[in-house]
Amino acid sequence: MILRNLKIFLGKKNIDVLIILSAIAIVIMLPQIYNHAIILGGDTLFHMNRFYETYQQIKTGNYSYFQSLYGFSGSARIVNALYGPYLAYLMGFLLLILKSWFKFQIVTGFFLLFISGFTMFELARKVLIEKPIALVMSAMYMCTPWVASGSFTAVGASLFPLVVMAGVSMLDDNNSVSIIKLSFLISILVQVHMFTSFLAILVLIPFFLVGLIVNKNKVKLASKVIISAIITIFLTSNVWSSMLEVMGSNELITVFPSEMEKSVMHFSDIKFGLMDYGMYSIVFLFILIRTIILWRKINVLEKTINSVGMFFLLLSTSFVPWRFLEHHFYFLRSFVQFPHRFSVVVFTSLILGFGIVLNDTEMFNKVKFDKYAKIICLTFLSLLVINANGIFESVSQYWNTDKPFSSAAMPLTKSANTIRNAFKNSKNLGSGFNYLAKVNPDYLPSKRKYIADADSYNRLNPYELYYEQISLNKVKLNRHIAKNGKLIVSWDNKGKNKFIQLPIFKYRNSKMYINGKRASNSNIKISKIGAVTAYSHVGDNKLVTEYKSSKLTRLLMLMNYTSWGIFLIAVFFIYLRKIVKHNNK
């Protein structure tokens, strides 16, 4: 969909827009480019492990959809099946081409920024905003903290203007929402970032409800949305079937139950960050006040866009009693985690609302012809770009220090040069993970069910257990990966017969064998976080493990592959038909 829009975009002689968006992206990323830095944050390391896993699977031809064979210490833990699986394989393929973590981060960072600006420009033009103002909006969106920070939420945020565009289409009688575009968009978001897809559905609900009121083709709209939902279910069956499989057969450790009231957005003056609106505060407060005062005069489209933005603005701040809610509804701590993530919707909606205001005939004429207005606008954008550049500077500056990683990562060596050289090693992209660990126990199999509150989580202390049992594990393992995805590890026990802790995880559907015998209570013990302690004879020992999903899951996975094949073929013929029809006119 983005590629098709880009082709139309170029056909309309928008080369200048592409150049401007590319230039802004490069300026924002200059600190990382100049320092030749590889950003090693906690979240970054987690996803680097994910992409290294798929990179190695593609490179070697040893595939395992569920087990981690190479990333995450080759521990057989399940990650990619629960975290955007298809995106992980796409990123693994890109890493295979680039063969460098630095090049990978530069290329992906550039495209995240560029796509963010491009999708916002397309959204602006969708609601008939003039090109200069659409460019201002694009620059504003590219500088938002989610996009400019390079965090993984940025991947979903870069596509979020397309979600609002789909919502706007629901209010349009003549150009209603497209079944293909809507189903494809939501399916991609599910394959990329689950929480962003959840936000997308929340945002589309009010647009749909308003559409049922104002759209003259109500039945047609409803039928299109229902058909899109059905197609989306088929196109995302690999994700939800995997989640049902793993979560339904294991007691999993939830993500860290953070204190939500400490993760809200704040209104501030100039400098912005992941929890500060900064200069955007003035814009958003202006939209809020203007919408309330002129409620009866603005049209339905503007009312809906601004109302959605203001609702999520409220959710992202401390105006919502998050402390009360998190103590009465424990699931919010592990599901929502950080209220500031709602700001993705706020930035998209209210920047659009701001663009609509600027595009108002009277105001637009002032901006167009008043040199002072142009100077103010240019100054504002310059400050935004400088601030976004500063975000990249803050995360890039670690690279050339004695601590070339963020506080969320755990070093396994005292030598900063060893860590830097390992991650710069293009011949072995996994060498860096031997010296720097990301301790992340999310969705590991627990021995018992517990309530996801902070006290229970802290008593279990899964971060410390993971660090001790996996990251600091000293057992020298020889690893072999079979073509069928089996992980085979062997080790030498030079002492007496005893149980030895291994950096390997076991799930209920893991088929595991110790020295040729099926794993049972007599030859393995399972820790509180699902790590295996195996009974080891004196001399050579061997463990073989593979994950055997249920027949239903395998059937749903097959259905998913088939659905994507049919969908892409159908899209190809639909657009081919349109091209032929257009050429025959």
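No experiment lies behind these values; they were computed from the predicted model shown.

Requested: an account of the overall build of the protein chain, with residues and values cited.
Scanning the protein chain from terminus to terminus reveals 23 helices and twelve strands. Taking 2.2 N^0.38 as the reference for a compact globule, 585 residues should give roughly 25 Å; the C-alpha atoms of the protein chain span a radius of gyration of 25 Å, in line with that estimate. For the C-alpha atoms alone, the extent of the protein chain along its principal axes is close to 85 × 55 × 50 Å. Every one of the 585 residues in the protein chain was classed for burial, and the buried ones make up 55%. The long-range share in the protein chain, meaning contacts at least 24 apart out of those at least 6 apart in sequence, stands at 76%. Of the roughly 27300 Å² that the protein chain leaves accessible, carbon and sulfur atoms contribute 63%. Between the averaged position of the 63 positive side-chain charges in the protein chain and that of its 28 negative side-chain charges there is a distance of 9 Å.

Which residues make up the packing of helix α10 (residues 194-214) against helix α11 (residues 218-235), and what values do they have?
With their axes 8 Å apart at the nearest point, α10 and α11 run at an angle of 155 degrees to one another. In terms of their interaxial angle, α10 and α11 are classed as roughly antiparallel. Remark: the crossing between α10 and α11 carries left-handed chirality. Within the contact between the two elements, α10 uses Phe 208, Gly 211, Leu 212 and Ile 213 and α11 uses Lys 218, Leu 221, Ala 222 and Val 225. For the contact of α10 with α11, the class distribution of residues is six nonpolar, one polar and one charged.

An account of the environment of Val 345 is requested, with residue identities and associated values reported.
Summarising the element assignment, Val 345 is placed in helix α17 (residues 343-358). On the basis of relative accessible area, Val 345 is assigned to the buried category, the value being 0%. Separated by 217 residues in the primary sequence, Val 345 and Leu 128 have C-alpha atoms spaced 21 Å apart. Every residue in contact with Val 345, bar those within four places of it in the chain, is listed here: Phe 160, Leu 199, Val 203, Val 308 and Phe 312.

Which residues make up α17, and what values do they have?
Across its 16 residues, α17 extends 22 Å between first and last C-alpha, which sits within 8% of the 22 Å expected from 1.5 Å per residue. In terms of burial, α17 is a largely internal element, 16 of the 16 residues being buried.

An account of the pairing of strand β5 (residues 478-481) is needed here, citing residue identities and associated values.
With four bridges connecting them, β5 and strand β6 (residues 487-493) associate as antiparallel partners. By the bridge assignment, Arg 479 is partnered in β6 with Val 489. Between β5 and the antiparallel strand that follows it, β6, lie five residues; Gly 485 among them carries a positive phi value of about 85 degrees.

Any chance you could break down the packing of α10 against helix α14 (residues 300-315) for me, citing the residues and the numbers?
Taken N-terminus to C-terminus, the directions of α10 and α14 make an angle of 150 degrees; their axes are 11 Å apart at the nearest point. Judged by the angle between their axes, α10 and α14 are roughly antiparallel. The crossing of α10 and α14 is right-handed. Counting all contacts with α10, which are made through Leu 199, Leu 202, Val 203, Pro 206, Phe 207, Val 210 and Val 214, the residues of α14 involved are Val 300, Thr 304, Ile 305, Val 308 and Phe 312.

Residue-level account of a positive patch on the surface, with values.
Together, Lys 447, Arg 448, Arg 459 and Lys 528 line one region of the surface with positive charge. Along the chain, the position of Arg 448 falls in the loop between β4 (445-446) and α21 (454-460). Relative accessible area serves as the criterion here: at 52%, Arg 448 is assigned to the exposed category.

Which residues make up the pairing of strand β8 (residues 510-514), and what are the values?
Of the two faces of β8, the one lined by Ser 510, Met 512 and Ile 514 is fully buried and the one lined by Lys 511 and Tyr 513 carries no buried residue. Two strands pair when backbone bridges link them, and β8 and strand β12 (residues 539-547) are joined in this way by five bridges, in the antiparallel orientation. Bridging across to β12, Met 512 finds its partner in Thr 545. Two strands pair when backbone bridges link them, and β8 and strand β9 (residues 517-518) are joined in this way by two bridges, in the antiparallel orientation. When the sheet's bridge partners are listed, Tyr 513 is paired in β9 with Arg 518. Hairpin connection, β8 to β9: the antiparallel pair is bridged by two residues, and Asn 515 has positive phi, about 50 degrees.

About the cut-offs
Residues numbered from 1 in each chain as written. Predicted model: local features only at pLDDT ≥ 70, side-chain atom pairs only at ≥ 80, totals over all residues. Heavy atoms only, no water. Helix = DSSP H or I, 4+ residues; strand = E, 2+ residues; numbered from the N terminus. Rg over C-alpha atoms; globule rule 2.2 N^0.38 Å. Buried < 20%, exposed > 50% of the residue type's maximum accessible area, 1.4 Å probe, protein only. Contact = heavy atoms within 4.5 Å. Areas by Shrake-Rupley, 256 points an atom, 1.4 Å probe, with all protein chains shown as cover. Lys, Arg positive; Asp, Glu negative; His and termini not counted. Charge placed at Lys NZ, Arg CZ, Asp CG, Glu CD. Axes fitted to C-alpha atoms, helices over the stretch in contact; angles between N-to-C directions. Parallel < 35°, antiparallel > 145°, perpendicular 65-115°, else oblique. Left-handed = near helix turned anticlockwise from the far one by under 90°. Nonpolar A, V, L, I, M, F, W, Y, C, P; charged D, E, K, R; others polar. Expected span 1.5 Å × (residues − 1). Pairing = 2+ DSSP bridges. Patch = residues over 30% accessible without salt bridge, like charges linked within 9 Å, V, L, I, M, F, W, Y side chains within 5 Å. Salt bridge = Lys/Arg side-chain N within 4 Å of Asp/Glu carboxyl O.

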